[in-house]
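Listed below are the residues making up each chain.
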Amino acid sequence: MESTKKRVMQSFFKHRLGVFGLIVLIIMYLLVIFADFIAPYNFATTHTNFVYGKPSKISYRDRDGKWIGPHIYEMKKSRDPITYQVIFTQDTSKIVPIKFFVRGEEYKFLGLFKSDLHLFGVEQTPDRAMLLLFGADRFGRDVFSRVLVGGRVSMTVGLLGTFLSVFIGAIVGALSGFYGGKIDILIQRFIELLRSFPRIPLWLALAVIVPPSWPSTWVYFGIVTVLSLIGWMGVARVIRGLVLSLKEKEFVLAARVIGVSDMKLVTKHLIPNTLSYLIVVSTLSIPGMILGESSISFLGLGIKEPMTSWGLLLKQAQSLSELEAHPWLMIPGIFIMVAVLSFNFVGDALRDAVDPYRTVEKL
Amino acid sequence: MTDTRRILTVENLKTYFKTPNGIVKAVDGISFHLDKGETLALVGESGCGKSVTAQSILGLIKVPPAKLTGSVVFKGQELVGLSDDKYRDIRGMQISMIFQEPMSAFDPLYTIGQQLMEIAKVHMPWSYQEAKQRIIDSLRLVHIPEPEKRYSEYPHEMSGGMLQRIMIAMALLPSPELIIADEPTTALDVTIQAQVLNLMQELQDSYNGSMIFITHDLGIVAEIADRVHVMYAGKIVEKASVIDLFENPLHPYTKGLLTSRVKREYKKEGKDLPYIKGHVPKASEFSTGCRFHSRCTYATETCKTTMPPEIETEKGHRVACFLFERDDLVENFANAKP
Amino acid sequence: MQVTGYVKALEKVDFSISERETIGIVGESGCGKSTLGKTLVKIHEPTAGSIIYFDPNGKSYDITNGLTKEVRSTFRKDVQMIFQNPYDSLDPRMTIRDTILEPIQTHKLFKNLKDQDRYVRELLSKVGLDPDYGKRYPHEFSGGQRQRIAIARSISVNPRLLICDEPTSALDVSVQSQIINLLKQIQREHNMAFIFISHNLDVVYHMSDRILVMYLGNIVESAPSRAIFDNPTHPYTQALMSAIPNWNPRERKLGTVKLEGEPPSPINPPTGCPFHPRCEFRMDICARAKPEPTEISSGHFCACHLRDLTIDSSRSAG
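Residues numbered from 1 in each chain as written. Chains lettered and ligands numbered in written order. Predicted model: local features only at pLDDT ≥ 70, side-chain atom pairs only at ≥ 80, totals over all residues. Heavy atoms only, no water.

In this section: the interface of chain C and chain B. Counting from both sides, the interface comprises 43 residues of chain C and, opposite them, 50 residues of chain B. Contact between chain C and chain B buries roughly 4200 Å² in total, counting both sides, with carbon and sulfur atoms accounting for 52%. Of all residues in chain C, Trp247, Leu254 and Glu262 of chain C bury the most surface against chain B, accounting for 20% of the area lost on that side. At the boundary of chain C with chain B, the tally comes to 2 salt bridges. (Contact = heavy atoms within 4.5 Å. Buried area = accessible area lost by both parts, 1.4 Å probe. Salt bridge = Lys/Arg side-chain N within 4 Å of Asp/Glu carboxyl O.)

Attention now moves to the sheet that holds strand β6 (residues 193–198) of chain C. Where strands meet in a sheet, backbone hydrogen bonds hold them as pairs that are either parallel or antiparallel. Residues and elements named next belong to chain C. Taken together, 8 strands build an open sheet; the order of strands is β4-β5-β6-β1-β7-β8-β10-β9 and the sheet is mixed. Among the strands making up the open sheet, the edge pair consists of β4 (79–82) and β9 (294–297). Pairs of neighbouring strands in the sheet enclose a mean axial angle of 20 degrees, with direction left out of account. As paired elements, strand β1 (residues 22–26) and β6 share 5 bridges and run parallel to each other. The residue of β6 that forms the bridge with Ile25 is Ile197. Each of β1, β4, β5 (161–165) and β6 touches helix α6 (residues 173–190); the most contacted strand, β6, lies at about 160 degrees to it. (Pairing = 2+ DSSP bridges. Helix = DSSP H or I, 4+ residues; strand = E, 2+ residues; numbered from the N terminus. Axes fitted to C-alpha atoms, helices over the stretch in contact; angles between N-to-C directions.)

Another aspect to go through is the packing of aromatic side chains. Residue and element names in this part refer to chain C. Applying the stated rule across the entire model yields 20 aromatic pairs over all chains. Taking 5.2 Å as the distance between ring centres and 45 degrees as the angle between the ring planes, the aromatic pair formed by Phe110 and Tyr119 counts as tilted. A relative accessible area of 17% means that Tyr119 is categorised as buried. Between the aromatic rings of Tyr215 and Tyr236, the centroid separation amounts to 4.6 Å while the plane-to-plane angle is 55 degrees, which identifies the pairing as tilted. Of this pair, Tyr215 sits in strand β7 (residues 210–215) while Tyr236 sits in helix α9 (residues 235–242); the two residues are 21 residues apart in sequence, bridging distant segments of the chain. (Phe/Tyr/Trp six-rings, centres within 6.5 Å; stacked < 30°, edge-to-face > 60°. Buried < 20%, exposed > 50% of the residue type's maximum accessible area, 1.4 Å probe, protein only.)

Attention shifts here to unusual backbone geometry. Despite not being glycine, Ala233 of chain B has its phi angle at roughly 50 degrees, a positive value. Within the secondary structure layout, Ala233 of chain B lies in the loop between β9 (227–232) and β10 (235–241). The backbone phi angle of Asn158 of chain C is positive, close to 55 degrees, even though this residue is not glycine. Within the secondary structure, Asn158 of chain C sits in the loop between α5 (143–155) and β5. The partly exposed category is assigned to Asn158 of chain C, whose relative accessible area is 42%.

What follows covers the pairing of strand β2 (residues 67–79) of chain A. For a regular strand, the rule is simple: side chains alternate between the two faces of the sheet. Residues and elements named next belong to chain A. Both strand β1 (residues 59–61) and β2 contribute to a ladder of 2 bridges, which runs antiparallel. Within β2, the residue paired with Ser59 across the bridge is His71. Taking the residues that link successive antiparallel strands as the turn, the β1-β2 hairpin has 5 residues, and the phi of Gly65 there is positive, at about 85 degrees. Hairpin connection of β2 to strand β3 (residues 86–109): 6 residues between the antiparallel strands, including Tyr84 at a positive phi of 60 degrees.

Turning our eyes to something else, we now look at the domain arrangement of chain A. All names here are of chain A. Here chain A is partitioned into domain 1 (2–33 + 147–354) and domain 2 (39–140). Taken together, the contacts link 14 residues of domain 1 with 12 residues of domain 2. Carbon and sulfur atoms make up 72% of the surface buried where domain 1 meets domain 2, a total of about 1100 Å² over both sides. Per-residue buried area on domain 1 facing domain 2 is highest for Val149, Gln316 and Trp328; these three make up 43% of the total on that side. (Domains from an automatic or database assignment.)

Below is the structure:
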């Protein structure tokens, strides 16, 4: 299949949006994998002095206009004399420079070993000055750090969920298409029944089954299972269609004449020949999974604190007044959008390359 | 050439495609002409460039990415480099095409009548009623039973043979001066093929139009053509009248094609069938020199490096082969008939 | 889905085949010749009738309703098939070697891997290909080469019956003869029986001992191949013969084909004789009763009322 591979690659790399999406996704995954190291703060640590802290303003010159590199200022806490509200003002006399490879809050890198080295940050203690790229939430936690760590859940839920749903979908679809008859009718009606349920209530109903007492990693896998229990149906339909047309191909007939067993027929001839479509279907169904996880978490039935995900982060921005006062809490939504769009771009490019006649419908 | 009977002159036509595996010379410098009322058969196997030739004449090749050079003169007008708009006036109006797959040439969503009406509306100054009458007449002309009923039926309600005849009706509707038929009977059964060929012959005689008939089947050529051009790997290797081609084939490839017919004698004599060794090259892997040399039993060193010129052996019979460059060789070859 | 009717691809087909014999089946598209081939290799199930298979020891099995465990393995080894479209009959994701190995491994012909490898190379050179081609994938080969690979695959288990379903119709004319020669050579060397299905009368004649002419799922005429050509009896056979171009521009024969109309749809076949709507000799009885095959000379059967009449009249005269 050398030349086919070459053709697919060439055609993919001609698709500009697809390549762009791929680059964005690679960057996002790198950010997410090295989240603890890249984030300037531990995502779970609260900072009472910076509750709802605004995004820091980064300056480059001192008061005389001399270039001294990127820096922020220390915060001075005071009370408004009339309303007694706590207000922060910048103490421009106290410069806090932003540096690479600073020691800061401790974290466990990928959950394996402890470290306190961060890619960038400030050396000042977080009760006096914090580098808040995306601001802080109501517990004074750095939103930027939380977005990076939360991306871990959001970006992997799609991958794992898709893997599981493609696995189930491919097997069920192949059986349905290969055996036809009663089995096929049964499976198809079952899928139609499940699909006729509105999606979100179904997610919620399934998510409620996940007991609240479970530890967060279990909850995570619970969510993955819930998502793929719904996601496999689209895959099964596509694979069934492909298998239906493949099984009439002469090479499959030839294998039957030879006496190859049904099991081998499916695993050696039918599924390998749908592989390229499976990849396309997978890529195109990841965005749905990401959105699904976000929805469930947004509605409070998914990932729970202290673990976090983009959907859960957005939950804090549920009310309009909250949004008006602290608009930076919406930033995780932008990440969801960018990730979903990028997966769609890559999926479209892959589909155009693998399947120029669009036999696979978008899920 | 101001011969009024000359309807089409193709001069050194080249159609090249750029692909990931290099430039494909699908048609590589072919020249021929066609007179009024004539049927010219372009014969060749898959990948010889016969269909690309037809599409190049009709302006159906997208340029770029393809590269098209040479000249195609239709009734004194140069077609190569013509704008799409102008081509549209000629195509369908003065030149029509009949395709191989009747099933895919029709839009399944519209009735036969609607599709024929579309052509009539674009090309002809007829009123609706007049157009409808003419369409029904033309359906009757191609022996469609109950044409009034068929007019409002859909393509899927008809058999392949019937659709092919409707396609012929469609091609003839604007009374074109040139019809290009690309393997029009390949998808049909032999008994239907005979009917369709018969019909085409009959209609051509009454119209006195010209036809380029593209096929791989020499049996059909013998039935329908006046002159024959044999194509191999993007080149015309032999040009002859149909009688000359069958009775005195010159090019080794033509001879090979003629002997590849399964004759009844072979079985009686218990012999293997004669064949041409090797296989038809893909358009991306044409060899240097004479493109047939690797399959030719007479190939010499010259054949491997140099493209043979076109040699006229007698009036109207031309062959692109070194064997006919020197007269003494011609005799040797003639004596060594298989 | 709405059912508009069930296609009866095969109406009534009786024939038997014995070792080293070639039966040719000829007919136009939709006549059921491919269905017949697929029914015989048991990838389609017949609705009625019977297929009897004799294993190498001469024991007979009725395999009409599927293969029992007992006979499955021998039958799958004994009966092989070559398909029409070489671009479709090889799995694009398997190397040539793996393709040819599939039947060998399925039937566990070799214990020793080295012998197995040697055998694959032998097979490749037997069908006229370079033994080193085994590592390559199908897309690297031309139609003729692919058909050779398909032949190598089907003969690898040494079948006793090979069903060839239009093996040359998708190939270029200059390559067709190579494949026909190869098939003949293989038949000579392996003493196989062939069922050769084609729409091309000339090719079928060259390959076969007996020819069956099919129309709309019925055998309308069957005879030794010479008899079919020298004495075509059924009006359909005659029409079929007359429609073959004769490659002679001085004797054009297109105008002489008398066959009108087109084959009716198999979903809704005509009553009586399936050919009667197109037949130039049709009589009243043809629409009412289906003609039974009559033996008109030794081994030459024809299903036509015209024949019954001539025989009846000659009988009554004599």
